[in-house]
Amino acid sequence: MKRPKLRKASKRLTCHKRYKIQKKIREHHRKVRKEAKKRGRKKPKKDPGVPSAAPFKEELLREAEQRKQRLEELKQKQKLNRQKEHEKKRKLEAKKNAAKIKEKAEGKESSGKSKAKTNKLLDKNSKKSFCRELKKVIEASDVVLEVLDARDPMGCRCPQLEQAVTCSGRDKKLLLVLNKIDLVPKENLEKWLNYLKKEFPTVAFKSATLMKDRTMQEQFTKRRARVDLSRTTECFGSKCLLKLLQEHGKTQNKAIQVGVVGFPNVGKSSIINSLKGVRACNVGLARGVTKSMQIVHIDKQTKMLDSPSIIADPSNGALALALRSVIDTEESGSADVLEGADAILNNCSKQQVMMHYSIPDFRNTEEFLSLLGQKRGMLKKGGVPDIENIAKLLLCDWTGAKISYHSQPPGSQRLPPYLTEDKIAEMQECFNLKNLEEENNTTVQALKYPSPASSIIFQSAGMTNGIIEENKVIEEASEWENVETSKEGEEEEEEDFTESDDDQDDMEEEEKDVKEESKVQVTRKAKLGKQQTSPTNSEKQIAENEHSNSLSFSLDKTADEDDAYDFNTDYV
């Protein structure tokens, strides 16, 4: 059965309506004409051309024709340029599409290239490259400056480095530079200077922390107007150190190269900057900012060689690894950071830590971190303290120049096996030790120091073993590299599956990762926890052992130290 056709609306009008429209149109036209008459007609003026009586008529006409030709040529050029651009865009799009098709077809080859790129990036930040650059600095330098943190000078000493310099047999000299002396009580500093000068010539030094950059002079003056510049920008001990180096250069009758070496966050680059008087080397709170050898010319006779940090041996204790390891706290795992925080708190006065952070009494490290997190407002969802980030912040405080703490020098002077009296005399040969002592005394007298009560008492773990030779380095693959390799493996195995299967597999892997993380956290809490209730005898013994360990690390001091805290002499 045929469907009935829909009728279109008719365009016919009634005569009355049509005449009415026509009348309105006529009236409108009349109105427009009247308005035009009132305004007066303005016809477009025709170009009169050059009059025949005008002089140089032919030249003017030629110029006019030339202008027209130029305009036409410009228009044609613009057209051609547009066409070329369109062609280029089309070609690029075609190339991109072809590249995408090739990548899909040759996925394995592209994954190989990405692996090579990641290896190149890793090589720059790897421990082996750090060792390589450090070895270059030691071999190239005539004088080696071992930079020590005045708060823990023994922990900053590396026996492997000292042995390599003293036993090189090339007339190399080793100087100890005691940096950050303004963070230690005056009496403690004098004790350490007397202790260290018996082994190597030592220079008391306080580097300038806010150095003027040549490119940022105006901004520096505006932003840092309220800062106490006498404490931050002034450098103490630079004249003494430069004199020593210049005297040694005169005895050698040549330009000398001075290598600056030490563990991370000791202030190697800042010493070079303060000697130069300008920010020549990059400085930062993060560990391992300097990644390669950098030469800085101080004058015609002296060149400073900035080096990457010494790598701490993994066989060292938790305290040494927490304060002296090259790896940045942001990249390291949660278990390592918590162990480091635990080691720091177990090796210092508990009451002084409570006073410094203004925190109530705590039973263990986890409780301390949670209290600190609540005070600082570092909380996760649901008001749970972010313990991992708080532990990282604690490590940054102790390695940086925020906290004033001090360790006592050993009671008896015991020379290490690589140092003999002949070696000590050889190291002190070319230096004027009397002048050095006098200038050290002047620097000690010129500075302000924290009071012994406000400075936290710290138990040093002794010398930190370091790795200098590249062969002895055991590389630990970074987390992000492992993630990339696992992803590539999954892609190769799951090429034949559909998208839905891939999504399910990814979800399963995420669940596994979450379970593993939770297991690690549980084990860590079990380690840090003090008491555990248990029915069996074996578990009771474990609980007793843990309780005894916690008591040994309680770090409670005598009542005299509580009363010794003086708020008037304390400063931030």
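Let us look at the structure shown here. (Residues numbered from 1 in each chain as written. Predicted model: local features only at pLDDT ≥ 70, side-chain atom pairs only at ≥ 80, totals over all residues. Heavy atoms only, no water.)

### Notes on the overall build of the chain
Helix and strand content of the chain: 21 helices and ten strands. Here the chain holds 572 residues, and the buried ones make up 36% of them. Intrachain contacts of the chain at a sequence separation of at least 6 include 77% that bridge at least 24 residues. (Helix = DSSP H or I, 4+ residues; strand = E, 2+ residues; numbered from the N terminus. Buried < 20%, exposed > 50% of the residue type's maximum accessible area, 1.4 Å probe, protein only. Contact = heavy atoms within 4.5 Å.)

### So, unusual backbone geometry
Positive phi outside glycine occurs at K180, with the angle close to 60°. Here K180 lies in the loop between β2 (173-179) and α6 (186-196). K180 sits in the buried class, given a relative accessible area of 12%. With phi around 55°, N253 is a residue other than glycine that occupies positive phi space. Within the secondary structure, N253 sits in the loop between α9 (238-252) and β4 (256-261). With relative accessibility at 69%, the residue N253 sits in the exposed group.

### Overview of the pattern of salt bridges
Using the criterion set out here, one finds 15 salt bridges in the structure. One salt bridge in this structure joins R324 and D152, with 3.4 Å as the shortest N-O distance. In this pair, R324 is assigned in helix α11 (residues 318-324) and D152 in the loop between β1 (143-149) and α5 (159-166), connecting sequence segments 172 residues apart. Residue classification places R324 among the buried residues on the basis of a relative accessible area of 4%. Owing to a relative accessible area of 4%, D152 belongs among the buried residues under this scheme. For R363, the salt bridge identified is with E367, shortest N-O distance 3.0 Å. We classify R363 as exposed; its relative accessible area is 61%. In this structure, a network of salt bridges that share partners links the residues D149, R151 and K180. (Salt bridge = Lys/Arg side-chain N within 4 Å of Asp/Glu carboxyl O.)

### Focus: the pairing of β4
For β4, a buried count of five out of six residues is recorded, marking the element as mostly surrounded by other parts of the structure. Inspection of the sheet shows β1 paired to β4 by four bridges, in the parallel sense. Residue V143 lies in a different strand from β4, and its bridge partner there is V258. Summarising the sheet, β4 and strand β6 (residues 302-306) pair through five bridges and their orientation is parallel. Counterpart to G259 in the pairing with β6 is L305. (Pairing = 2+ DSSP bridges.)

### Structural notes on empty space enclosed by the protein
Summed over the entire model, instances satisfying the criterion amount to one cavity of 30 Å³ or more. Approximately 40 Å³ is the volume found for the largest cavity. In this structure, the largest cavity is lined by C240, K243, L244, E247, N432, N435, L436 and E439. Counting only elements with at least two residues in the lining of the largest cavity, the list comes to α9 and α17 (433-446). A per-element tally of the lining of the largest cavity places α9 first, with four residues. Across the lining of the largest cavity, the residue classes tally to three nonpolar, two polar and three charged. (1 Å grid on protein atoms, 1.4 Å probe; cavity = no way out; pocket = protein on both sides within 12 Å on 5 of 7 lines; lining within 4 Å. Points joined across faces, edges and corners; volume = space filled by probe spheres on them. Nonpolar A, V, L, I, M, F, W, Y, C, P; charged D, E, K, R; others polar.)

### Examining the pairing of strand β5 (residues 294-297)
Where β5 lies against β6, four bridges are found, and the strand directions are antiparallel. Opposite V296, over in β6, you have M304 as the bridge partner. Adjacent in sequence and paired antiparallel, β5 and β6 are bridged by four residues.

### Some words on helix α4 (residues 127-140)
Taking 1.5 Å of rise per residue, the 14 residues of α4 would be expected to cover 20 Å, and the 20 Å separating its terminal C-alpha atoms lies within 8% of that figure. Every buried residue belonging to α4 is among K127, S129, F130, C131, E133, L134, V137 and I138, and all of these are buried. (Expected span 1.5 Å × (residues − 1).)

### So, the packing of aromatic side chains
Applying the stated rule across the entire model yields six aromatic pairs. Between Y357 and F368, the ring centres sit 5.6 Å apart and the planes meet at 75°, which makes this aromatic pair edge-to-face. Within this pair, whereas Y357 is found in helix α13 (residues 350-357), its partner F368 is found in helix α14 (residues 365-376), the two being separated by eleven residues in sequence. Judged by its relative accessible area of 3%, Y357 falls in the buried class. Look at F368 and you get buried, because its relative accessible area is 0%. Ring geometry for Y405 and F458: centres 5.1 Å apart, planes at 55°, overall tilted. On the criterion of sequence distance, the pair formed by Y405 in strand β8 (residues 405-406) and F458 in the loop between β9 (456-457) and β10 (466-467) is long-range, its members being 53 residues apart. (Phe/Tyr/Trp six-rings, centres within 6.5 Å; stacked < 30°, edge-to-face > 60°.)

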